[in-house]
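Below are the chains, spelled out letter by letter.
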Amino acid sequence: MCDKNHKLLKSRPPIILFTGFLGSGKTTMLLKTIEMLSAADKKCAIIINEIGDVGIDNRQMRMLGYEVLDLFGGCVCCTMKVTLEATINHLLEGYQDLDYILFEPSGMANPLSMYPAMMNCGYREEEIQNVFIFDPTRVVLYEKRMNQLFNDSINLARCVVINKLDEVGQREIEEAVKMVETIRPGLRTFKMNLKNELCQEFHQYL
């Protein structure tokens, strides 16, 4: 039993988790990351809530060599926790050559609610690459109405991508950086318009 667990630990693909609130750019970030990994000949599984909602062509993704698993039934934070765990276990048991598992949960899901399912599959927190996409057009909303959820999200993030640079001024960008620094000093932050290509620094980071 110990040998089997050790082998699983050695071969387990890291999870790239794309978190952020509705409209922040999670799906765009997911698609850009898929393109980047595909160009590097990486084999990935993509877990999302519903393929139809994010514009991913299931057949096209399979042609690229990806296994696309869509999770139905609502928010990851409530009805889908067991399904998420079962899906990850299915991937670990059935696809030994995966380089990454990419997961985009619902924009309403608290990241805290997803970690038990992933950890029940044997993952440690450091194996979950949580990329938080920050929409600087909503700085006031995060501060006033979603403060606890924002804090939870930043505390779990491995890095932050500040998106929509073309829609705000320098003041909002600086405020976004300050909000992240106040919660997690030194947390890696990238600034980029996800409408364009991912920055080279993010390529190197992954």
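That block above? That's the structure.
Report follows, based on the coordinates. (Residues numbered from 1 in each chain as written. Predicted model: local features only at pLDDT ≥ 70, side-chain atom pairs only at ≥ 80, totals over all residues. Heavy atoms only, no water.)

## Some thoughts on the sheet that holds strand β3 (residues 67-70)
Logical step 1: Pairing is parallel in the open sheet, where seven strands are placed in the order β3-β2-β4-β1-β5-β6-β7. With partners counted over all chains shown, the strands left at the sheet margins are β3 and β7 (188-191), one partner each. When the angles between neighbouring strand axes are averaged without regard to direction, this sheet yields 20°.
Logical step 2: Examined bridge by bridge, strand β1 (residues 15-19) and strand β4 (residues 100-104) share three bridges and lie parallel to one another. The partner of Ile-15 across the bridge, within β4, is Ile-101.
Logical step 3: Contacting β1, β2 (44-48), β4, β5 (128-134) and β6 (159-162), helix α2 (residues 26-39) crosses the sheet at an angle of about 165° to β4.
Logical step 4: In the packing of helix α8 (residues 147-156) onto the sheet, contacts are made with β5 and β6, and the angle to β5 comes to roughly 135°. (Pairing = 2+ DSSP bridges. Helix = DSSP H or I, 4+ residues; strand = E, 2+ residues; numbered from the N terminus. Axes fitted to C-alpha atoms, helices over the stretch in contact; angles between N-to-C directions. Contact = heavy atoms within 4.5 Å.)

## Topic: the nonpolar core
Logical step 1: Counting residues in hydrophobic clusters, the biggest one holds 25 residues, and the most contacted among them are Met-29, Ile-46, Leu-102, Val-131, Val-161, Met-192 and Phe-202.
Logical step 2: Listed by contribution, the elements that provide at least two residues to this core are β1, α2, β2, β4, β5 and β6.
Logical step 3: Of all the elements, α2 adds the most residues to this core, at five residues.
Logical step 4: If we skip the residues at most four places from it in the chain, Val-131 touches Ile-16, Leu-17, Phe-18, Thr-19, Met-29, Cys-159, Val-161 and Phe-202.
Logical step 5: With 22 residues, the next largest nonpolar core counts Ile-101, Ala-109, Met-114 and Tyr-123 among its residues. (Core = buried A, V, L, I, M, F, W, Y, C linked by side-chain atoms within 4.5 Å. Buried < 20%, exposed > 50% of the residue type's maximum accessible area, 1.4 Å probe, protein only.)

## Here's the deal with the pattern of salt bridges
Logical step 1: Applying the stated rule across the entire model yields eight salt bridges.
Logical step 2: Note that Asp-135 is salt-bridged to Arg-138, the shortest N-O span being 3.3 Å.
Logical step 3: We classify Asp-135 as buried; its relative accessible area is 1%.
Logical step 4: Residues Lys-195 and Asp-166 are paired through a salt bridge, measuring 3.2 Å at the closest nitrogen-oxygen approach. With Lys-195 in the loop between β7 and α10 (200-205) and Asp-166 in the loop between β6 and α9 (170-183), this residue pair connects regions lying 29 residues apart in the sequence.
Logical step 5: Looking at Lys-195, the relative accessible area reads 60%, which means it is exposed.
Logical step 6: Taken together, the shared-partner salt bridges in this structure form one network comprising Asp-135, Arg-138 and Lys-164. (Salt bridge = Lys/Arg side-chain N within 4 Å of Asp/Glu carboxyl O.)

## With respect to the pairing of β4
Logical step 1: A large share of β4 lies buried, amounting to five of its five residues.
Logical step 2: Burial along β4 is two-sided: Tyr-100, Leu-102 and Glu-104 and Ile-101 and Phe-103, pointing in opposite directions, are all buried.
Logical step 3: Inspection of the sheet shows β2 paired to β4 by five bridges, in the parallel sense. Its bridge partner lying in β4, Ala-45 is registered against Ile-101.

## Let's talk about unusual backbone geometry
Logical step 1: Notably, Asp-41 is not glycine yet its phi reads approximately 60°, a positive angle.
Logical step 2: Structurally, Asp-41 is set in the loop between α2 and β2.
Logical step 3: Although it is not a glycine, Lys-164 adopts a positive phi angle of roughly 60°.
Logical step 4: Here Lys-164 lies in the loop between β6 and α9.

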